[in-house]
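# Descriptive analysis of the structure
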Amino acid sequence: MSGAAERARASEPEPRRLRADAARNRQALIDAARRLFAHRGLAVTLDDIAAEAGVNVATAYRHFANKQELTGAFLQQKIDEAVTLADEAAAAPDPWQGLVGFLRRALDLMVANRGLHDVFTPGYAEEWLERLDDRIEPVLASIIGRAQAAGALRDDLEPGDLAVILQMLATVGDIPSDEQPTLL
């Protein structure tokens, strides 16, 4: 390699450093989105997320085509958490305690995270509610069936009824936080 080529190459930024910076920016955006979605819900903008992450909004758009792409990653994680709660409830030796434990933990998850709460708000994030229903309904059907077989639950309760119960519980998140402890 000629001396001029070596000097030109030496003056170019190292690709690794840019990749590391880009990775840090991407992670900062994801972390900011998690914080804002949890605190303010899904209505935050990509501009809000970029500001929270300490990056320019153009940087946000380099990593995510739009807010929906970033929201999707966040909501997929929350759906996975909810399904894990249901799986753990289904594995409980006592089906009634499993069901009650699932409802309590799901409520805790919704109250602690405004973005997940928004999924349960009718008409707000219906696509994501459908995705959650598709994944969680078979597990809830198992929990309900076990509780019914044990005589701990009415025979006419169906998995769709739990979705309605969860939507009703999600409204607890709308009550000012200083009043919530008396409700739980």
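Up top is the structure these notes are about.
The model shown is predicted, which means the values in this text are computed figures rather than measured ones. (Residues numbered from 1 in each chain as written. Predicted model: local features only at pLDDT ≥ 70, side-chain atom pairs only at ≥ 80, totals over all residues. Heavy atoms only, no water.)

### Overview of the nonpolar core
Put simply, the rule reads: By convention a nonpolar core is built from buried Ala, Val, Leu, Ile, Met, Phe, Trp, Tyr and Cys residues, the set being connected through side-chain atoms within 4.5 Å. Only protein chains enter the accessibility calculation, which uses a 1.4 Å probe; a residue whose area is less than 20% of its type maximum is buried, one above 50% is exposed, and one in between is partly exposed. Counting from the N terminus, the helices are DSSP H or I runs at least four residues long and the strands are E runs at least two residues long. The criterion used for residue contact is that any of the two residues' heavy atoms lie within 4.5 Å.
With 45 residues, the main nonpolar core has L29, F37, I49, F102, I136, L140 and L162 as its most contacted residues. Residue assignment for this core shows that the elements contributing at least two residues are α2 (15-40), α3 (46-53), α5 (67-90), α6 (95-112), α7 (114-119), α8 (126-149) and α9 (159-170). In this structure I136 touches A82, V83, A86 and F102, once residues within four positions along its chain are discounted.

### Quick notes on the packing of aromatic side chains
Just so we agree on the cut-off: Each aromatic pair joins two rings of Phe, Tyr and Trp (for Trp, the six-membered one) with centres within 6.5 Å, and gets the label stacked for planes under 30 degrees apart, edge-to-face for over 60, and tilted for any other angle.
The full count for this structure, using the stated rule, is one aromatic pair. Here the aromatic rings of F37 and F74 are separated by 4.8 Å at their centres, their planes lie at 50 degrees, and the arrangement is tilted. Placement of the pair is F37 in helix α2 and F74 in helix α5, with a sequence separation of 37 residues. Classification of F37 by relative accessible area gives buried; the value is 0%. On the accessibility criterion, F74 (4% relative accessible area) is buried.

### Details of the environment of T171
In this structure, T171 sits in the loop between α9 and α10 (180-183). Overall, T171 belongs to the partly exposed group, its relative accessible area being 44%. Along the sequence, T171 and H117 sit 54 residues apart, while their C-alpha atoms lie 8.0 Å from each other.

### Structural notes on the side chain of K67
Let me state the cut-off plainly: Only four residue types enter the charge count: Lys and Arg as positive, Asp and Glu as negative, with His and the chain ends excluded. The term salt bridge refers to a side-chain nitrogen of Lys or Arg lying within 4 Å of a carboxyl oxygen of Asp or Glu. Pairing of N or O atoms within 3.5 Å defines a polar contact, subject to two protein rules: one partner must be a possible hydrogen donor and the other a possible acceptor, and residues neighboring in sequence count only if both atoms are side-chain atoms.
Position of K67 relative to the elements: it lies in helix α5. One buried charged side chain, K67, makes no salt bridge at all; its nearest oppositely charged neighbour is D48, positioned 7.6 Å away. There is a polar contact of 2.4 Å between the side chain of K67 and the backbone oxygen of L42. Excluding residues that lie within four positions of it along the chain, K67 makes contacts with L42, A43, V44, T45, L46 and I49.

### A look at the packing of α6 against α9
Quick note on the threshold: The angle between two axes is taken between their N-to-C directions and runs from 0 to 180 degrees, where each axis is a line fitted to C-alpha atoms and a helix contributes only its stretch in contact. Should an angle lie under 35 degrees it is considered roughly parallel, over 145 roughly antiparallel, and from 65 to 115 roughly perpendicular; all remaining angles are considered oblique. Left-handed is the label given to a crossing in which the near helix is rotated counterclockwise from the far helix by less than a right angle, and right-handed is the label when the rotation is clockwise.
Where α6 contacts α9, the axes come no closer than 10 Å and their chain directions differ by 40 degrees. Judged by the inter-axis angle, α6 sits oblique to α9. When you trace α6 past α9, the crossing you get is right-handed. In this structure, α6 uses L99, F102, L103, A106, L107 and M110 to contact α9, whose residues at the interface are L162, I165, L166, L169 and A170.

As far as function goes, none of this settles anything; it's purely spatial.
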